[in-house]
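# Architecture and fold: a report
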Amino acid sequence: SNMKERFELFCEEKHLSQEQKRALEEVALKRKKCVFVTGKAGTGKSLFIRALHEWFTLYHNRHYGGILITASTGIAATHIQGITIHKALGINIDLS
């Protein structure tokens, strides 16, 4: 199909690994609604999440209200152009 061809080209352009491509396919083409990404430093988590966000921005924004990208820490959130889980859920943490 045309969407599958676009998907293959997109993955090639983003230099996704086979594992990243399979994960993206679950969400992008099979419409899995929730994804938890984990792994050691340097394994491509941020690359995958940015690719996922770009795919949905390009091809699915009209079908979804948007995509919420969260991380457990502020540093991690900035790497993926997201927000912390606490902010997303409206949880205030008092550090005083």
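Everything in this summary refers to the structure shown in the same document.

Reading the values: rules and limits
- Residues numbered from 1 in each chain as written.
- Predicted model: local features only at pLDDT ≥ 70, side-chain atom pairs only at ≥ 80, totals over all residues.
- Heavy atoms only, no water.
- Helix = DSSP H or I, 4+ residues; strand = E, 2+ residues; numbered from the N terminus.
- Expected span 1.5 Å × (residues − 1).
- Buried < 20%, exposed > 50% of the residue type's maximum accessible area, 1.4 Å probe, protein only.
- Arc of directions from axis to C-beta.
- Contact = heavy atoms within 4.5 Å.
- Patch = residues over 30% accessible without salt bridge, like charges linked within 9 Å, V, L, I, M, F, W, Y side chains within 5 Å.
- Areas by Shrake-Rupley, 256 points an atom, 1.4 Å probe, with all protein chains shown as cover.
- Salt bridge = Lys/Arg side-chain N within 4 Å of Asp/Glu carboxyl O.
- Phe/Tyr/Trp six-rings, centres within 6.5 Å; stacked < 30°, edge-to-face > 60°.

### Quick look at helix 3 (residues 45-59)
Taking 1.5 Å of rise per residue, the 15 residues of helix 3 would be expected to cover 21 Å, and the 21 Å separating its terminal C-alpha atoms lies within 8% of that figure. Buried within helix 3 we find F48, I49, A51, L52, W55, F56 and Y59. What you see down the axis of helix 3 is that its buried residues fit within an arc of 160°, all on one side. On its buried face, helix 3 sits against helix 1 (2-13) and helix 2 (18-28).

### Side note on a nonpolar patch on the surface
A contiguous nonpolar surface patch, about 530 Å² in accessible area, is contributed by I85, L89, I91, I93 and L95. Along the polypeptide, L95 turns up in the segment after helix 5 (85-89).

### Considerations on the packing of aromatic side chains
Going through the model one piece at a time under the given rule, you end up with two aromatic pairs. Summarising the aromatic geometry, the rings of F7 and W55 are spaced 5.5 Å apart at their centres and angled 85° between planes, so their arrangement reads as edge-to-face. Of the two residues, F7 is situated in helix 1 and W55 in helix 3; the sequence distance between them amounts to 48 residues. By relative accessible area, which is 0% here, F7 ends up buried. The interplanar angle of 65° and the centroid separation of 5.3 Å between the aromatic rings of F10 and W55 together place this pair among those described as edge-to-face. Taken as a pair, F10 in helix 1 and W55 in helix 3 lie far apart in primary sequence, 45 residues in all. Grouping residues by exposure puts F10 and W55 together as buried. Members of the aromatic cluster, each reached through a chain of ring pairs, are F7, F10 and W55.

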